[in-house]
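Each chain is listed here by its residues.
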Amino acid sequence: MNPCELTASITAVANMLAGKLTVDELSLLGAVLTQLGDTPATIATQKGICEEKAECI
């Protein structure tokens, strides 16, 4: 799958969900998915810093 196909697929899923969920449900899902994306990025950043310093807690 190329990048354009991937983004088109994600958009299609988002549009399908938008048609089936209430505004509150859609808002909550957006917040959950944002956190799901941000949390691994935070963990990876911290791991990288720990590895550079050779110390992890």
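Bear in mind the structure is a predicted one, so any value in this text is a computation, not a measurement.

## Regarding the overall build of the protein chain
So, step 1. Scanning the protein chain from N- to C-terminus turns up two helices and zero strands.
So, step 2. The C-alpha radius of gyration of the protein chain comes to 17 Å, more than 25% above the 10 Å expected for a compact globule of 57 residues.
So, step 3. Projected onto the principal axes, the alpha-carbon positions of the protein chain cover approximately 50 × 30 × 10 Å.
So, step 4. For the protein chain, the proportion of its 57 residues judged to be buried stands at 2%.

## Digging into the environment of Ser-9
So, step 1. Tracing the backbone through its elements, the reader meets Ser-9 in helix H1 (residues 3-20).
So, step 2. We classify Ser-9 as partly exposed; its relative accessible area is 33%.
So, step 3. Residues Ser-9 and Gln-46 lie 37 residues apart in sequence; the distance between their C-alpha atoms is 31 Å.
So, step 4. One polar contact links the side chain of Ser-9 to the main-chain carbonyl oxygen of Glu-5, over a distance of 2.9 Å.

## Topic: H1
So, step 1. Between its first and last C-alpha atoms H1 spans 26 Å; for 18 residues at 1.5 Å apiece the expected length is 26 Å, and the two agree.
So, step 2. Regarding H1, its N-cap is Asn-2, as a side-chain oxygen of that residue lies 2.9 Å from the backbone nitrogen of Cys-4 further along.

## So, helix H2 (residues 23-53)
Every α-helix carries 3.6 residues per turn, so stepping three or four residues along brings you back to the same face.
So, step 1. The terminal C-alpha atoms of H2 lie 45 Å apart, and with 31 residues this matches the ideal 45 Å at 1.5 Å per residue to within 8%.
So, step 2. Once H2 ends, the next one or two residues include Ala-54, with phi positive near 55 degrees.

## Here we look at a nonpolar patch on the surface
So, step 1. A contiguous nonpolar surface patch, about 400 Å² in accessible area, is contributed by Leu-28, Val-32, Leu-33 and Leu-36.
So, step 2. Among the structural elements, Leu-28 can be located in helix H2.

## Let's talk about the environment of Met-1
So, step 1. Position of Met-1 among the secondary structure elements: in the segment before H1.
So, step 2. For Met-1, a relative accessible area of 71% translates into the label exposed.
So, step 3. Sequence-distant contacts of Met-1, that is, excluding residues within four places in its chain, are made with Leu-6 and Ser-9.

Basis of the calculations
Residues numbered from 1 in each chain as written. Predicted model: local features only at pLDDT ≥ 70, side-chain atom pairs only at ≥ 80, totals over all residues. Heavy atoms only, no water. Helix = DSSP H or I, 4+ residues; strand = E, 2+ residues; numbered from the N terminus. Rg over C-alpha atoms; globule rule 2.2 N^0.38 Å. Buried < 20%, exposed > 50% of the residue type's maximum accessible area, 1.4 Å probe, protein only. Polar contact = N/O pair within 3.5 Å; in protein donor to acceptor, adjacent residues only side chain to side chain. Expected span 1.5 Å × (residues − 1). Patch = residues over 30% accessible without salt bridge, like charges linked within 9 Å, V, L, I, M, F, W, Y side chains within 5 Å. Areas by Shrake-Rupley, 256 points an atom, 1.4 Å probe, with all protein chains shown as cover. Salt bridge = Lys/Arg side-chain N within 4 Å of Asp/Glu carboxyl O. Contact = heavy atoms within 4.5 Å.

Limitation: the analysis is restricted to geometry and does not speak to function.
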